[in-house]
Every structure is written in C-alpha cells, then in structure tokens.
Amino acid sequence: MDKWLMGVDLGGTTTKLAIINMHGEILHKWEIATDISNNGQRITTNIAKAIDDKLAELGESKGRLLGIGMGAPGPVNAIDGSIYEAINLGWNNYPLKDLLETETLLPAVIDNDANIAALGEMWKGAGNGAKDIVCVTLGTGVGGGVIANGLMVHGVSGAGGELGHITVVPDAGAPCNCGKTGCLETVASATGIVRLAQEALEKADEPSLLQEKIDGGESLSSKLLFTCAQEGDAISLKVIQQVSKYLGLALSQAGNILNPEKIVIGGGVSKAGDLLLKPVREYFELYAFKRVRKSTTISLATLGNDAGVIGAAWLVKKHFTN
C-alpha cells in the first residue's frame, strides 16, 4: 500500500491541509481556521485534531502517512525546525517541529511558507522540474523562495530568499513592516500597489476611470486597478508600469546573482496575468546581465493556493524516503 504525504500551509487566517500521494497528486484537501489567540498556542493541537478527524472519516490509520511537512510564516531554523520569529502569530524561537511531532505523532519537517510554495512550483507547477528557480509571491506582502541545484537556499539564519526586502526605492521610500524603507514589498504587494494608486490619484489632474469607480462606492484594491487598466485607464496603466519597473529591477538583481533557469511569479497580484507579466519581462531584460536575459524565463505560477501544501508534501518525500 502506497504511503501518503501530509502537507500543511499555515496562514494567519486559515491553515490549508492536504493528503497527497507520492506522485504529488492531491487526494484530499481542506482548511481550518488558524487560532492565533494566546500566541498561537493551540495551532499544532488543532492541526493534529484535523488530521485525526480526516483519517477517521476516510477509514485510514495514521500509519498510512509517511510524515508531515509544514510551511510557516517567518524565518525557520533549518537545523531544529523552530521559528525564529513570526510577528503575526506572536512566536519567537518557537519549537514548531517538536510541538508538531508531539501532537501528531508523525515525523515532521518545517520550512518557510514562501519556500514551500517555491518547492511546490518546482515539483508540480511552473518550474516543470527545473532545479534552479526563483519564486516570488505577490500578496498582502511579498515572499520569495530560491532553489539552487534542487536545494532550497536558507542562508545562515533562515532569511535566504527574502526577495520582498530587496531595496528598490533607496531614497525616500515608504516604510516597510520589516523596519526598513523602500523594500520591494512596499511597492509590489497588494497593499503597496494600493498606496501607489492613492498617490497617483492625488496628483492627477485628468479624469480617471479608477477614481470614478471609487467615487461610485467601490473600494480601491489592486484588483480594481488591474480591471481599470484593462479598460485603458491611463492612471492605472501608469501605476502598473511603476510596479513593473520595481519588480523587474528586483528580479534582475536576483537573476544576476543566481542565474536561475526560471523565475516564477505567484500570489493574488499575479492574477493580473500578462498585464503585469509583459512589462515586468521588459524591465527585467533592461536591467539583467546579457547571459541571464538569454537563459532565464519569467512565467506565472500555476498551482495557486495548492503550491504550499504540495511543496510541504515534497519535503516529506525528500526527508523520509530512502
């Protein structure tokens, strides 16, 4: 009987869980609420209960599971699976791997949430088996994962691949949650795009479809901006060019250092598709070293919200099979 892999993607609001076979195919997936009360003390307990309940529903024993892989926000200690810091959860040097193994009675492996999304795309998504990949996730923040020769780059303190904190606005940049200013996250995340759009509207003299939509009661969001851009709104298109320039610059820096085969862009903002991808590619080619331009392709992620659980399952397969 084939073993199953347990993948978990921990988010600040919901936790995604999936049972995945050895070929990377999702057999069962579901979500539970992330209980962040009392500094997230019940998170591992709730995950263990959710797994037990699902196995009971399927009539399967825990022995069917090879192990559990989990992605968590914040830098991870690759040696002991602890979380150095997860601000939104109130964790500091939190022994996540030990607690997860105690609660689930399964061997566990932990990595950063952006890293496991990168691994998922490498295994079953846009990476298409490539071993040198840079993944950037554009959501509420900007996450990044770097895979070199098939191995995740963690760095000496778990902060490898933090693409969201590359400085792209060196002078008078907006403050970032990390404590710096001018980070990529401040201009390419969904919240950063909204800020840039607000600034553009305040300075604009010409009429704007985006402003009309807002005046009509719609909330300003990155999704609304991309919708207006598709209809030819000049201000929306100008903001997209601005975002694309910063993102293309940051990706060219990563490309020049790592020379990846593929750069994969995911997250909610990536749903803008070619409207974002085309100008990002143009700026990447403008700033990247010639050999990098010729050898690196930029594409959109294909796994969506499943990337994390699939990447977590890949970790289990890698660590616990002979």
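Each remark here, short or long, concerns the structure printed above.
Residues numbered from 1 in each chain as written. Predicted model: local features only at pLDDT ≥ 70, side-chain atom pairs only at ≥ 80, totals over all residues. Heavy atoms only, no water.

A. Here's a closer look at the packing of helix α8 (residues 222-230) against helix α9 (residues 234-258). At their nearest, the axes of α8 and α9 sit 8 Å apart, and the two run at 115 degrees to each other. Relative to α9, α8 is oriented so that their crossing is left-handed. Here Leu225, Phe226, Cys228 and Ala229 of α8 come into contact with α9, specifically with Ser236, Leu237, Val239 and Ile240. Partitioned by chemical class, the residues of the contact of α8 with α9 number 7 nonpolar, 1 polar and no charged. (Axes fitted to C-alpha atoms, helices over the stretch in contact; angles between N-to-C directions. Helix = DSSP H or I, 4+ residues; strand = E, 2+ residues; numbered from the N terminus. Left-handed = near helix turned anticlockwise from the far one by under 90°. Contact = heavy atoms within 4.5 Å. Nonpolar A, V, L, I, M, F, W, Y, C, P; charged D, E, K, R; others polar.)

B. Broad picture of helix α10 (residues 274-287). With 14 residues, α10 should reach 20 Å at 1.5 Å per residue; the first-to-last C-alpha distance of 19 Å fits that figure. Along α10, the residues that are buried comprise Leu276, Leu277, Pro279, Val280, Tyr283 and Phe284. Looking at the packing, one finds that the buried side of α10 touches β8 (133-138), α8, α9, β11 (262-266), α11 (290-295) and β12 (297-300). (Expected span 1.5 Å × (residues − 1). Buried < 20%, exposed > 50% of the residue type's maximum accessible area, 1.4 Å probe, protein only.)

C. Representation of unusual backbone geometry in the model. Backbone geometry at Asn39 places phi at a positive 55 degrees, although glycine is not the residue there. With respect to the secondary-structure elements, Asn39 resides in helix α1 (residues 37-40). Note on Asn39: relative accessible area 44%, which makes it partly exposed.

D. Molecular detail of the pairing of strand β2 (residues 14-20). Among the 7 residues of β2, 6 are classified as buried, and the element is accordingly described as predominantly covered. The sheet contact formed by strand β1 (residues 4-10) and β2 spans 6 bridges and is antiparallel. Pairing of Asp9 across the sheet is with Lys16, part of β2. Connecting the antiparallel pair β1 and β2 is a turn made up of 3 residues. As judged from the 7 bridges shared by β2 and strand β3 (residues 26-33), these two strands associate in the antiparallel manner. Counted as the bridge partner of Leu17 is Trp30 from β3. Where β2 folds back on β3, the antiparallel hairpin that results is connected by 5 residues, among which Gly24 adopts a positive phi of roughly 85 degrees. (Pairing = 2+ DSSP bridges.)

E. Local environment of the packing of helix α6 (residues 190-203) against α8. At a closest axis distance of 8 Å, the pairing of α6 and α8 adopts a crossing angle of 60 degrees. Relative to α8, α6 is oriented oblique. For the pair α6 and α8, contact is made by Ala190, Ile193, Val194 and Ala197 and by Ser222, Leu225 and Phe226, respectively. A per-class count over the contact of α6 with α8 returns 6 nonpolar, 1 polar and no charged. (Parallel < 35°, antiparallel > 145°, perpendicular 65-115°, else oblique.)

F. Representation of the sheet that holds β1 in the model. Reading across the sheet, the 5 strands line up as β3-β2-β1-β4-β7 and stay open at both edges, with mixed pairing between neighbours. Looking at strand neighbours, the two that pair on one side only are β3 and β7 (108-112), the edges of this open sheet. Direction aside, neighbouring strands of the sheet carry axes that sit 15 degrees apart on average. Against the sheet, helix α3 (residues 96-104) makes contact with β4 (65-72) and β7, and its axis sits at roughly 140 degrees relative to β7, the strand it touches most.

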